[in-house]
Amino acid sequence: MGLWDKIKSNVGIGQPKVELVLDTNMIAMGGQVTCTINITGGTRELPMKEVGITINQIQKYKDGDGKPKTDTNRVLKHALPLDGQLLEVEGSASFELPINIPEKILPSEKNLKYEIRGWLDIPGMDASQKHDLTILYANKNLDNIKDKLDDMMNS
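Quick caveat, the model's predicted, so the values are computed rather than measured.

**Student:** Report on the overall build of the protein chain, specifying residues and quantitative values.
**Tutor:** Along the protein chain, the regular secondary structure elements total two helices and eight strands. Overall, the protein chain shows an N-to-C arrangement of helices and strands of α-β-β-β-β-β-β-β-β-α. A buried classification covers 34% of the 155 residues belonging to the protein chain. A separation threshold of at least 6 residues defines the contact pool for the protein chain, and within that pool the share at least 24 residues apart is 69%. Put simply, the protein chain shows about 10,200 Å² of open surface, and 49% of that area lies on carbon and sulfur atoms.

**Student:** How would you summarise the sheet that holds strand β3 (residues 32-40) if you had to cite specific residues and measurements?
**Tutor:** The strand order β1-β3-β6 describes an open sheet built from three strands, whose pairing is antiparallel. The sheet is open, and its two borders are formed by β1 (17-22) and β6 (92-100), each paired with just one other strand. Direction aside, the axes of adjacent strands within the sheet are offset by 20° on average. As paired elements, β3 and β6 share nine bridges and run antiparallel to each other. Residue pairing across strands places Cys35 opposite Leu97, the latter belonging to β6.

**Student:** So what's going on with the sheet that holds strand β4 (residues 46-62)? Which residues, and what values?
**Tutor:** Here five strands make up an open sheet; going across it, the order is β2-β8-β7-β4-β5 and the pairing mixed. Only two strands of the sheet have a single neighbouring strand rather than two, namely β2 (26-28) and β5 (68-87). Along the sheet, successive strands turn relative to each other by an average axial angle of 30°, direction set aside. Bridge count between β4 and β5: 16 bridges; the pairing is antiparallel. When the sheet's bridge partners are listed, Tyr61 is paired in β5 with Lys69.

**Student:** Which residues make up the nonpolar core, and what are the values?
**Tutor:** Judged by nonpolar contacts, the single largest core of 32 residues is most densely connected at Ile39, Ile53, Ile55 and Leu120. In contact with Ile55, not counting residues within four places along its chain, are Asn73, Arg74, Val75, Leu76, Ile99, Ile101, Tyr114, Glu115, Ile116 and Leu133.

**Student:** Describe the pairing of strand β8 (residues 125-136), and please don't skip the residues or the numbers.
**Tutor:** In this structure, β2 lies alongside β8, joined through three bridges in parallel fashion. Paired with Met26 across the bridge in β8 is Thr134. Note: strand β7 (residues 112-122) against β8, nine bridges, orientation antiparallel. Bridge pairing in β8 links Leu120 to Ala127.

**Student:** Could you give me a rundown of the pattern of salt bridges, with the residues and numbers involved?
**Tutor:** Tallied over the entire structure, the rule returns two salt bridges. In this structure, Lys69 and Asp63 form a salt bridge, with 4.0 Å as the shortest nitrogen-oxygen distance. Using a relative accessible area of 36% as the deciding quantity, one classes Lys69 as partly exposed. Using a relative accessible area of 22% as the deciding quantity, one classes Asp63 as partly exposed.

**Student:** Lay out the environment of Ile101 with the relevant residues and their values.
**Tutor:** Relative to the helices and strands, Ile101 resides in the loop between β6 and β7. A relative accessible area of 3% places Ile101 in the buried class. Sequence separation of Ile101 and Gly31 is 70 residues, and the distance between their C-alpha atoms is 5.4 Å.

**Student:** So, the environment of Glu103: which residues are in play, and what are the values?
**Tutor:** Among the structural elements, Glu103 can be located in the loop between β6 and β7. We classify Glu103 as exposed; its relative accessible area is 55%. For the pair formed by Glu103 and Gly31, sequence separation is 72 residues and the distance between their alpha carbons is 7.6 Å.

How each quantity is defined
Residues numbered from 1 in each chain as written. Predicted model: local features only at pLDDT ≥ 70, side-chain atom pairs only at ≥ 80, totals over all residues. Heavy atoms only, no water. Helix = DSSP H or I, 4+ residues; strand = E, 2+ residues; numbered from the N terminus. Buried < 20%, exposed > 50% of the residue type's maximum accessible area, 1.4 Å probe, protein only. Contact = heavy atoms within 4.5 Å. Areas by Shrake-Rupley, 256 points an atom, 1.4 Å probe, with all protein chains shown as cover. Pairing = 2+ DSSP bridges. Axes fitted to C-alpha atoms, helices over the stretch in contact; angles between N-to-C directions. Core = buried A, V, L, I, M, F, W, Y, C linked by side-chain atoms within 4.5 Å. Salt bridge = Lys/Arg side-chain N within 4 Å of Asp/Glu carboxyl O.

These figures capture arrangement, not role.
Have a look at this one:
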């Protein structure tokens, strides 16, 4: 790789692209979201190390002096090893990852948000895309009532 290729790569020109597609961006605590990561190759053939999903919790608050602060904490990371599988020039690959949301997670609110990021790890460069994710209260009683009503209607 020449100097010009290295410069272009550093600013994202010719790098692989990642598209993250979610079956929903609103999910109950303990629920499951299916994430599809679509990858499009760049201008060079590259070995893929792993593909994955990360969910981060972002909390905004004010410190003792009233200054706004933001804390970001990883809630979940799920990686699928690809062991150097080659992504061809302008080639494509797609990976479907069902992700279980923890049951003991705080629901989203005004100052507590979540983001989900789909990523591709390639030596020397990382491509990703992120979306907001809303975590809702899980109401097991409502789910049970709905299941019973469905059973009665189908009997």
